Amino acid sequence: MPIILPYVPRTITVHLGLPDQWAENVTVSFPDYVKNVASSEIYPTWEPAAIRANVLAIISFALNRVYTEFYHSRGYDFQITSTTQYDQKFIRGRNIFENISQVVDEIFNDYIRRQGYVEPLAAKFCNGTTSTCDGLSQWGSQELAQDGLNSMEILRHYYGSNIELVVDAPIQDITASYPGSPLRLGSVGENVVIVQAMLNRISQNYPAIPKISPATGIFGEDTRDAVRTFQRIFNLDPDGVVGKATWYKMVYLYAGILQLAELVSQGQTFVTVQFQFSGPLEEGDIGPEVGILQYMLALLAQFDNSLSPMTVDGQFGPATTQAVRTYQQLVGLTPNGYVDENTWDSIYRNFALADYFLRRDTVRAQSLREDALPVMSRAGGPPEDGPARWDSTSRMGQYPGRPLNLGQRDGQNGQRGAKV
């Protein structure tokens, strides 16, 4: 999915009617939207655990609509409708129950997802009396709460044991996934990886679209050919350029094929890149391979102050040479600033793991919680003990509020890794 890290929008636009029916759009803050829906769907006299479970389901469903660009990819200018036929019940101007409002204020940027998946769960629900469904039963959740189950136990009862809670998700304005300018032959970077990943998955259902292997993040002739075939199949101008229309047609099909907006989906897993070594690089070289090298070093610099921030310009200048030398010294390679296959592979291994865990860590807390673990940690001892190797912590963690350095272990700097 183009948006890899889900976020909580500051506002959400609600269409007060069926999607294809003319109706007014209203834009409200996301917490106010959740309060309105919860006050319209459940009762304030219910057990706190039932209220909390229902609020989490409401939040997750709405965030799924935002994450999948469910309506935007279909050409609409809103994120969700007010009708339960398609979405959730929203009544403009209704009164909000105080205890529901308090719960929403506490958890409006928490949501549920399936373990190993990126997208917020499309947590569908019904009242459990006049209508039933495969999701949460609202009245049933109240009965479970009366039996002593907490909110997560209630949610797992209905959605399965592989549900996990994401807390303190980042809050930002709604951002369209389209990168803002067309991608074409010669383009390099994360957005190209996204196009390649979408096309490769769509091609499983439309075999005429050629596979792009490996997905390197470089828009080469193989990617252009796949884009042209995609455009021909779906009656778009077959120019081999991924403009806005082509991008959102891919988003629409990708989300639909994986059923990301459905309760039972194939799930969006975390997409990373496969940057292959194409030959030695040194100062004076230019081109997309240099840009990829700089891109990998720039990401690693976010986790170690010893690595200076990089400008990704595709030109191997003195700053790139110094960054390579610093990296080589940190991991025990000869610090000559020359990128041979060993240096490239070492940078890629650390980049791929850092990139994966950064994408997986959707929990971007503003402050470190006592039981939080770092996004990732270096296994092994100091550089003299051997090359660095990034490993996953054993549970989903939050950003610890300080940089993590090559050579640092969980438990350093006064923070002891939590036992799990």
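Everything that follows concerns the structure shown earlier in this document.
Below is a short write-up of the structure. All values reported here derive from a predicted model rather than from experimental measurement.

Analysis parameters
Residues numbered from 1 in each chain as written. Predicted model: local features only at pLDDT ≥ 70, side-chain atom pairs only at ≥ 80, totals over all residues. Heavy atoms only, no water. Pairing = 2+ DSSP bridges. Helix = DSSP H or I, 4+ residues; strand = E, 2+ residues; numbered from the N terminus. Expected span 1.5 Å × (residues − 1). Buried < 20%, exposed > 50% of the residue type's maximum accessible area, 1.4 Å probe, protein only. Salt bridge = Lys/Arg side-chain N within 4 Å of Asp/Glu carboxyl O. Core = buried A, V, L, I, M, F, W, Y, C linked by side-chain atoms within 4.5 Å. Contact = heavy atoms within 4.5 Å.

**Here we look at the sheet that holds strand S2 (residues 11–15)**
Each strand in a sheet pairs with its neighbour through backbone hydrogen bonds, running either in the same direction (parallel) or in the opposite one (antiparallel).
Moving on, step 1. With mixed pairing, the three strands of this open sheet are ordered in space as S3-S2-S4. Strands at the two margins of the open sheet, each flanked by one partner only, are strand S3 (25–29) and strand S4 (80–81).
Moving on, step 2. As defined by bridge partners, S2 adjoins S3 across five bridges and the pair is classed as antiparallel. By the bridge assignment for S3, Val14 is matched with Val26.

**Here we look at helix H10 (residues 318–331)**
Moving on, step 1. The terminal C-alpha atoms of H10, which comprises 14 residues, lie 20 Å apart, in line with the 20 Å expected from a rise of 1.5 Å per residue.
Moving on, step 2. Inspection of H10 places Thr320, Thr321, Ala323, Val324, Thr326, Tyr327, Gln328, Leu330 and Val331 among the buried residues, and these make up the whole buried set.
Moving on, step 3. In the stretch just after H10, Gly332 is the one whose phi turns positive, near 90 degrees.

**Things to note about the pattern of salt bridges**
Note that side chains of opposite charge can pair when their charged atoms are close.
Moving on, step 1. Going through the model one piece at a time under the given rule, you end up with six salt bridges.
Moving on, step 2. We note a salt bridge from Arg92 to Glu24, for which the minimum N-O separation is 2.9 Å. Here the residue Arg92 occupies a position in the loop between S4 and helix H3 (98–107), and Glu24 occupies one in the loop between S2 and S3, the gap between them amounting to 68 residues.
Moving on, step 3. Across the salt bridge formed by Arg113 and Glu164, the nearest N and O atoms sit 2.7 Å from each other. Residue Arg113 is found in strand S5 (residues 111–114), and its partner Glu164 is found in strand S8 (residues 163–166); the two are separated by 51 residues along the sequence. For the residue pair Arg113 and Glu164, the accessibility class agrees, reading buried in each case.

**Describing the nonpolar core**
Moving on, step 1. If you look at the biggest cluster of nonpolar residues, it comprises 48 residues, and the most contacted ones within it are Phe30, Tyr33, Val55 and Tyr159.
Moving on, step 2. Counting only elements with at least two residues in this core, the list comes to S2, helix H1 (30–41), helix H2 (48–67), H3, S5, helix H4 (138–146), helix H5 (151–159) and S8.
Moving on, step 3. Considering every element that reaches this core, the biggest residue donor is H2, with 13 residues.
Moving on, step 4. The contacts of Tyr33, once residues within four sequence positions are left out, are Ile12, Val14, Val28, Ala62, Ile80, Gln88 and Phe90.
Moving on, step 5. By size, the runner-up hydrophobic cluster in this structure holds 26 residues, among which are Ile202, Met250, Ala255 and Leu258.

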